[in-house]
There are 2 protein chains.
Amino acid sequence: MKDLPFGFDVIEGSRLDRFDHHIERPLSTLKGLFADAQAYQRMLAEGDRMVYEVYEVRRPAKAGELLTGLSVVHPGRVGGEYFMTKGHYHLVRETAEIYYGVAGRGLLLMQEEGGGWAVEEFRPGRAVYVPPCWAHRSVNTGDEDLVTLFAYPGHAGHDYGAIEQCGFQKLVLRRDGEPQLVDNAAWARAMETR
Amino acid sequence: MKDLPFGFDVIEGSRLDRFDHHIERPLSTLKGLFADAQAYQRMLAEGDRMVYEVYEVRRPAKAGELLTGLSVVHPGRVGGEYFMTKGHYHLVRETAEIYYGVAGRGLLLMQEEGGGWAVEEFRPGRAVYVPPCWAHRSVNTGDEDLVTLFAYPGHAGHDYGAIEQCGFQKLVLRRDGEPQLVDNAAWARAMETR
């Protein structure tokens, strides 16, 4: 069968008109992600809010293909920590990723296994390049949906384990009404005992 | 040296604030591209108009990397044929490409060596996926700049030769004020004698 070109639209500001897989990450699926466990439990007791969603356009898991889709991180905070994605490395470390800001404001928090970290701003019209070997997490620091398009090589795969175990080096917390990067004590502890 | 993440913005609607290579394709560099050679010569005699520009963000030419940038096709026509890019296959045929419409209206004209052709619409907020093995050409059918972001695998390379020799199967011409796809007689002749 011929492999035909196709298009897809970002509609209603925050979803795709055509996708193969819709990932939903409500609060209940994100236990342990946020630093303030008590704030997490209190918020969950009030209802299972949607934290983020991903619309994936499936392609073969090959090096020449691109996996693409839309990431939507809703606005909100657990304690002082902004809503965010789990974050991951690519299973094949030597693969990059590109993001493009469609709506909303936020940060892409990144780190590498050697101990480096970086942060780039998301805003509409801005692209962020994640070089190979950098874990990445989207953080919504605004009051509306943070909507980004992404594309990465078809053979990249996902490795969530390293981040689930240790977290990111930096937390993004709201302080004095502004997002601030704060050292993550849990990450430092996890690194010491590794 | 560490390979650091970075961002870049689409500014003033039609260029990047940060890029490594700016490709300019004025009319004089596009001899033989448009079907109506006389109209081409007449237009060139009046001045060397800019037809399209590309802002490239350089990355290593490796399979896990992504080459990305901005394509800007200016509005205009040579005879009835809309301003367009040269178009190309990837040198490594088994590599895809993704486009995202930032501004303007147009078409992505595509064809494969087996004889298939396809066309997808460009508009702001719409992505177009070019599967492996499809040549692709951007055509501006509107009255303003057609601005698209692109990303393709780092090892893809470019093959302009096949298109320079035979052209695309279809021309995009303005007829009765609307873009129409018309069979390209020169392509059919080139195919017969190949």
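Nothing here was measured: the structure is a model prediction, and the numbers come from that model.

Section: the overall build of chain A
Each helix and strand counted, chain A has 3 helices and 15 strands in total. Relative to its length of 194 residues, chain A is compact, with a C-alpha radius of gyration of 17 Å against a globular reference of 16 Å. Each principal axis of the C-alpha atoms in chain A carries an extent, and together these give about 55 × 35 × 30 Å.

Quick look at the relation of the copies chain B and chain A
Take chain B, turn it by 180 degrees, move it 0.0 Å along the axis, and it overlays chain A with an RMSD of 0.0 Å. Taken together, the rotation and translation describe the operation of a two-fold axis. Most of the interface of chain B is mirrored in chain A, where 100% of its interface residues again form contacts.

Overview of the interface of chain B and chain A
Residue-level contacts link 37 residues of chain B with 37 residues of chain A. Among the elements of the structure, β1 (6-11), β5 (66-73), β8 (97-103), β10 (117-122), β11 (126-130) and β13 (146-153) of chain B are those that each provide at least two residues to the side of chain B that touches chain A. In terms of residue class, the side of chain B that touches chain A is built from 23 nonpolar, 6 polar and 8 charged. Here strand β1 (residues 6-11) of chain A runs beside β11 of chain B; their pairing, made up of 4 bridges, is antiparallel. Bridge assignment links Gly 7 of chain A to a residue of β11 of chain B, and that residue is Val 128 of chain B.

Here we look at the confidence of the model for chain A
Residues with a pLDDT of 70 or more make up 98% of chain A, whose mean pLDDT is 96. The ipTM, which scores confidence in the relative placement of chains, is 0.95 for this predicted complex, and the corresponding pTM is 0.96.

Section: the sheet that holds strand β9 (residues 106-112) of chain A
All names here are of chain A. Taken together, 3 strands build an open sheet; the order of strands is β10-β9-β12 and the sheet is antiparallel. Strands at the two margins of the open sheet, each flanked by one partner only, are β10 (117-122) and β12 (134-140). Across this sheet, the average inter-strand angle for adjacent strands is 20 degrees, counted without regard to direction. As judged from the 7 bridges shared by β9 and β12, these two strands associate in the antiparallel manner. In the strand pairing of β12, Leu 109 is matched with Arg 137.

Some remarks on the sheet that holds strand β8 (residues 97-103) of chain A
Taken in spatial order, the 8 strands make up an open sheet running β3(A)-β4(A)-β5(A)-β13(A)-β8(A)-β11(A)-β1(B)-β2(B), and their pairing is antiparallel. Among the strands making up the open sheet, the edge pair consists of β3 (21-26) of chain A together with β2 (15-16) of chain B. Pairing between β8 of chain A and strand β11 (residues 126-130) of chain A: 4 bridges, direction antiparallel. Its bridge partner being in β11 of chain A, Glu 97 of chain A is matched across the sheet by Val 130 of chain A.

Digging into the pairing of strand β15 (residues 178-183) of chain B
Residues and elements named next belong to chain B. Two strands pair when backbone bridges link them, and strand β14 (residues 170-175) and β15 are joined in this way by 6 bridges, in the antiparallel orientation. Bridge pairing links Arg 175 to Glu 178 in β15. In textbook terms, the turn of a hairpin is the stretch between consecutive antiparallel strands, and for β14 and β15 this stretch comprises 2 residues, one of which, Asp 176, has a positive phi near 50 degrees.

Some words on the pairing of strand β13 (residues 146-153) of chain A
Residues and elements named next belong to chain A. Of all the 8 residues making up β13, 8 are buried; the element is thus mostly covered by neighbouring parts of the structure. Across 8 bridges, strand β5 (residues 66-73) lies against β13 in antiparallel orientation. Bridging from a neighbouring strand, Leu 67 pairs with Tyr 152 of β13.

Quick look at the nonpolar core
Generally speaking, nonpolar side chains in soluble globular proteins are found buried as a group. Judged by nonpolar contacts, the single largest core of 94 residues is most densely connected at Ile 98 of chain A together with Ile 98 of chain B. Beyond its immediate stretch of four places on either side in the chain, Ile 98 of chain A contacts Ala 127, Tyr 129, Phe 150 and Ala 151 of chain A together with Leu 66, Thr 68 and Ala 151 of chain B.

With respect to the environment of Val 54 of chain B
Residue and element names in this part refer to chain B. Here Val 54 shows up in strand β4 (residues 50-57). Measuring from C-alpha to C-alpha, the distance between Val 54 and Pro 75 comes to 15 Å, with 21 residues separating the pair along the chain. Excluding its chain neighbours within four sequence positions, the residues that come into contact with Val 54 are Ile 23, Gly 69 and Ser 71.

Quick notes on unusual backbone geometry
Its identity as a non-glycine residue notwithstanding, Asp 176 of chain A has a phi of 55 degrees, on the positive side. With respect to the helices and strands, Asp 176 of chain A occurs in the loop between β14 (170-175) and β15 (178-183).

Here we look at the environment of Glu 121 of chain A
On the secondary structure map, Glu 121 of chain A appears in strand β10. Exposure remark for Glu 121 of chain A: the 14 C-beta atoms within 10 Å place this residue in the partly exposed category. In the structure, Glu 121 of chain A is positioned 40 residues away from Gly 161 of chain A in sequence and 25 Å away in space, judged by C-alpha atoms. For Glu 121 of chain A, the residues in contact, after removing those within four places along its chain, are Leu 107 and Arg 126 of chain A together with Gly 7 of chain B.

Topic: the environment of Met 50 of chain B
Residues and elements named next belong to chain B. Note on placement: Met 50 falls in strand β4. You can call Met 50 partly exposed: it has 14 C-beta atoms within 10 Å. The sequence separation of Met 50 and Arg 25 amounts to 25 residues, and the corresponding C-alpha distance is 6.1 Å. Contact partners of Met 50, with chain neighbours within four places excluded, come to Glu 24, Pro 26 and His 74.

Conventions adopted
- Residues numbered from 1 in each chain as written.
- Chains lettered and ligands numbered in written order.
- Predicted model: local features only at pLDDT ≥ 70, side-chain atom pairs only at ≥ 80, totals over all residues.
- Helix = DSSP H or I, 4+ residues; strand = E, 2+ residues; numbered from the N terminus.
- Rg over C-alpha atoms; globule rule 2.2 N^0.38 Å.
- Least-squares fit on C-alpha atoms with pLDDT ≥ 70 in both.
- Contact = placed C-beta atoms within 7 Å.
- Nonpolar A, V, L, I, M, F, W, Y, C, P; charged D, E, K, R; others polar.
- Pairing = 2+ DSSP bridges.
- pLDDT = per-residue confidence, 0-100.
- Axes fitted to C-alpha atoms, helices over the stretch in contact; angles between N-to-C directions.
- Buried ≥ 20, exposed ≤ 12 C-beta atoms within 10 Å, placed from the backbone.
- Core = buried A, V, L, I, M, F, W, Y, C linked by C-beta atoms within 7 Å.

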